[in-house]
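# Notes for the structure review
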Amino acid sequence: MMAAAPAVEAAAVTALRSVLHRVRHAAERSGRRPDEVTVVAVSKTKPLSLLRQVYDAGHRCFGENYVQEIVEKAPQLPEDIEWHFLGHLQSNKVKPLLTAVPNLAMVEGVDNEKIATHIDRAVSSIRRKPLKVLVQVNTSGEACEYCSFHKCIKEIVWAETQDQ
């Protein structure tokens, strides 16, 4: 991957600080503690040098929406990064993702039961700690390529709460 120009890196850190400042104030105005809000720095197509700059500025939560990119980037960056996978995940990429990124903390956008089942099985088969997921629910009723999941939400939520 190419390195980012120093001006781009400085701009990324400045932008991150601005976002964190705005999030802190919004949380306080709404009566929440700022540490209850997680800001995920999405590194989509960004070079490792830019991620390192943001990491060196103190940020530890990064997100990626391409399996190939997160699998390439994660091993080259410090292990204390909390990675989030964002968006649709194909079932054939679940195990490679979980195996290659042991510090993957969350999959955001689990949109069907098949993916949820693949994630559950992969977590068990590689004996890793449980993975947090955010379930994507189509509430609009519009046709969606991946949105048949809403039919079984109650059953999944019930099953998950029974495991805790």
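Residues numbered from 1 in each chain as written. Predicted model: local features only at pLDDT ≥ 70, side-chain atom pairs only at ≥ 80, totals over all residues. Heavy atoms only, no water.

### A short note on the sheet that holds strand β5 (residues 132-135)
The condition is simple: Whether two strands pair depends on DSSP finding at least two bridges between them. Put simply, DSSP marks the helices as runs of H or I at least four residues long and the strands as runs of E at least two long, and each gets a number from the N terminus on.
Pairing is parallel across the open sheet formed by 5 strands, whose spatial order is β1-β2-β3-β4-β5. Each of the sheet's edge strands pairs with one partner strand only, and the pair in question is β1 (41-42) and β5. Bridge count for strand β4 (residues 104-110) against β5 is 4 bridges, and the pairing is parallel. Residue pairing for β5: V110 is matched across the bridge by V135.

### Section: the pattern of salt bridges
For clarity, the cut-off: When a carboxyl oxygen of Asp or Glu is within 4 Å of a side-chain nitrogen of Lys or Arg, the pair counts as a salt bridge. Burial classes: relative accessible area under 20% of the type maximum marks a residue as buried, over 50% as exposed, and values in between as partly exposed (1.4 Å probe, protein chains only).
For the structure on display, the rule yields 6 salt bridges. Residue D35 is joined to R33 by a salt bridge in which the shortest nitrogen-to-oxygen separation is 3.1 Å. Accessibility classification places D35 together with R33 in one group, the exposed group. Among the salt bridges present, the one from R60 reaches D80, with a minimum N-O distance of 3.0 Å. Here R60, found in the loop between α2 (48-56) and β2 (61-64), pairs with D80, found in the loop between α3 (67-73) and β3 (82-86); they are 20 residues apart in sequence, far enough to count as distant. Each of R32, R33, D35 and E36 takes part in one network of salt bridges that share partners.

### A closer look at α2
Along α2, the residues classified as buried are L48, S49, L50, L51, V54 and Y55. Immediately beyond the C-terminal end of α2, within one or two residues, lies G58, with a positive phi of roughly 110°.

### Looking at the pairing of β2
Worth spelling out the cut-off: Look down the strands so they point away from you; if the path from the first strand over the helix to the second goes clockwise, the crossover is right-handed.
Of the two faces of β2, the one lined by C61 and G63 and the one lined by F62 and E64 are each fully buried. Here β1 pairs with β2 via 2 bridges, running parallel. Across the sheet, A41 pairs through a bridge with F62, a residue of β2. Regarding the hand of the β-α-β motif, the stretch spanning β1, α2 and β2 is right-handed. Here β2 runs beside β3; their pairing, made up of 4 bridges, is parallel. Residue G63 lies in a different strand from β3, and its bridge partner there is H84. Read from β2 through α3 to β3, the crossover connection turns out right-handed.

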